[in-house]
Amino acid sequence: MKNLLNSKVGRLRIIGFIEGISLLVLIFIAAPMKHYFNEPSLTKSLGPIHGAIFMLFVINTLSVGIEQNWRFRTTTWKVILACFIPFGTFYIDNKILSKLQP
């Protein structure tokens, strides 16, 4: 785990994991609580946090894309798209990010 913090790719993988977890919590816990149980407190508190993590993920993806010389049309857009899809960041970590050299 410590070696992930020493590279941009490793930090992107960590941010992707956190972003994926926050999206899943929003979709599968916070949204049902808001709509079915009339309890919006979790969405009010977690929504801005997820938004900040999302922006951090996108910025880091672009930074890693430049560092790794990714072509936007082949790799970068897939990594960015992954953060919009539930479980997408976990999939992209397995298929692309885990195979990159730090």
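Higher on the page you've got the structure.
Just so you know, these numbers come straight off a predicted model, no measurement behind them.

> Before we move on, could you go through the overall build of the protein chain and cite the residues and values that matter?
Helix and strand content of the protein chain: four helices and zero strands. Put simply, the protein chain runs from its N terminus to its C terminus through helices and strands in the order α-α-α-α. A total of about 6600 Å² of accessible surface is found on the protein chain, and carbon and sulfur atoms cover 66% of it. Across the protein chain, the mean location of the 11 positive side-chain charges is 8 Å away from that of the 4 negative side-chain charges.

> Can you explain the nonpolar core? Please cite residues and give values.
By size, the foremost hydrophobic cluster in this structure holds 15 residues, and its most contacted members are Leu12, Phe57, Trp70, Val79, Ile92 and Leu97. Mapped onto this core, the elements with two or more residues apiece are helix H1 (8-36), helix H2 (41-67) and helix H3 (72-82). At five residues, H2 tops the list of elements feeding residues into this core. Among residues more than four places away in sequence, those in contact with isoleucine 92 are Lys78, Val79, Ala82 and Leu97.

> Lay out the pattern of salt bridges in plain terms, naming residues and giving numbers.
One pass over the full model with this rule turns up one salt bridge. One salt bridge in this structure joins aspartate 93 and arginine 13, with 2.5 Å as the shortest N-O distance. With a gap of 80 residues between them, aspartate 93 in helix H4 (residues 88-95) and arginine 13 in helix H1 connect regions that are remote in the sequence.

> Quick rundown of a nonpolar patch on the surface? Include the residues and the values.
Where nonpolar side chains cluster on the molecular surface, the patch consists of Leu62, Phe72, Trp77, Leu81, Phe84 and Ile85 and spans about 590 Å² of accessible area. Positionally, leucine 62 belongs in helix H2.

Definitions and cut-offs
Residues numbered from 1 in each chain as written. Predicted model: local features only at pLDDT ≥ 70, side-chain atom pairs only at ≥ 80, totals over all residues. Heavy atoms only, no water. Helix = DSSP H or I, 4+ residues; strand = E, 2+ residues; numbered from the N terminus. Areas by Shrake-Rupley, 256 points an atom, 1.4 Å probe, with all protein chains shown as cover. Lys, Arg positive; Asp, Glu negative; His and termini not counted. Charge placed at Lys NZ, Arg CZ, Asp CG, Glu CD. Core = buried A, V, L, I, M, F, W, Y, C linked by side-chain atoms within 4.5 Å. Buried < 20%, exposed > 50% of the residue type's maximum accessible area, 1.4 Å probe, protein only. Contact = heavy atoms within 4.5 Å. Salt bridge = Lys/Arg side-chain N within 4 Å of Asp/Glu carboxyl O. Patch = residues over 30% accessible without salt bridge, like charges linked within 9 Å, V, L, I, M, F, W, Y side chains within 5 Å.

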